[in-house]
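Summary of the model geometry
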Amino acid sequence: MGTSRSTRTAATLFLSTALTLTACGQQATGTSATGSTAGPARGDVEPDSHDGAPHYRENNGFKASKEMSPGSEETARKEAARIEPVLKRLWKAKVWDVKRVRAALVERGYRNVGSEQKLGTLAVLTMDSRFETDHYVTPEGAQIAFLVRADACVTAFTQPTNYQVAVNGPYLETGCFEPKGGH
């Protein structure tokens, strides 16, 4: 009894699909016939890429902050420890507007400079606007940056839902604040 053409075609498709599916998750080694590694093949992803996106680091290089020296990081953490209780107190009192946040930090001895960031100065700005459905909105709250040293910042925010204080190195184009877009 012979096998029909449609049965052979279906079997071939089934086997092809099964082989393709069993190959999922396997990673090519990138080794050429000469034994050298040539990097990821087109479509492969970088090992530490975000969500498996190809060229993630290349496309998001503008978000990389400068590395802090150990001494600068220690100094930044000390400043963060001074700023955190102020923001916590303000947040509990439901105070997160720029004017009053700035005043509370200036009262603690920080020098205010508006949006310009120079060594040893504080910047307190409105939160960044974001696109929602069909228009931009600027959420309530304040974002804060303090340039501690040339390679160290304290960044923070306070808003109705929460507050946060962190340390990071400055960004190439935007200083202490994380860039929202690149080129």
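Starting afresh in each chain, residues are numbered from 1 along the sequence in its written order. A pLDDT threshold of at least 70 governs which residues receive local features in this predicted model, and a stricter bar of 80 or more applies before side-chain atom pairs are shown or counted, although totals over entire chains, interfaces and linings include all residues. Excluded from the side-chain calculation are hydrogens and water; included are all heavy atoms of the structure.

**Points about the state of the cysteines**
Stated precisely, the cut-off is as follows: Counting rule for disulfides: a pair of cysteine sulfur atoms within 2.5 Å. Only DSSP runs of H or I reaching four residues or more are called helices, and only runs of E reaching two or more are called strands; each is numbered from the N terminus. Summary of the burial criterion: residues with accessible area below 20% of their type's maximum are buried, those above 50% are exposed, and those between are partly exposed, where the area comes from a 1.4 Å probe applied to protein chains only.
For the structure on display, the rule yields one disulfide. Two residues share a disulfide in this structure: Cys 153 and Cys 176, whose sulfurs sit 2.1 Å from each other. Residues Cys 153 and Cys 176 are joined through a disulfide that is left-handed, its torsion about the S-S bond being -75 degrees. In this pair, Cys 153 is assigned in strand β6 (residues 152–158) and Cys 176 in the segment after β7 (163–168), connecting sequence segments 23 residues apart. The two residues Cys 153 and Cys 176 agree in class, both being buried.

**Observations concerning the pattern of salt bridges**
Oppositely charged side chains can pair when the atoms bearing their charge come close. Heads up, the condition is: Any Lys or Arg side-chain nitrogen found within 4 Å of a carboxyl oxygen on Asp or Glu counts as a salt bridge.
All told, the structure shown has five salt bridges when counted by the stated rule. Residue Arg 77 is joined to Glu 73 by a salt bridge in which the shortest nitrogen-to-oxygen separation is 2.8 Å. Of this pair, Arg 77 and Glu 73 are both found in helix α3 (residues 70–92), four residues apart, which corresponds to roughly one turn of the helix. You can call Arg 77 partly exposed: its relative accessible area is 46%. Ionic pairing is found between Glu 74 and Lys 78, a salt bridge with its closest N-O pair at 3.6 Å. In this pair, Glu 74 and Lys 78 are both assigned in helix α3, four residues apart and thus about one turn of the helix distant. The exposure class assigned to Lys 78 is exposed, which follows from its relative accessible area of 54%.

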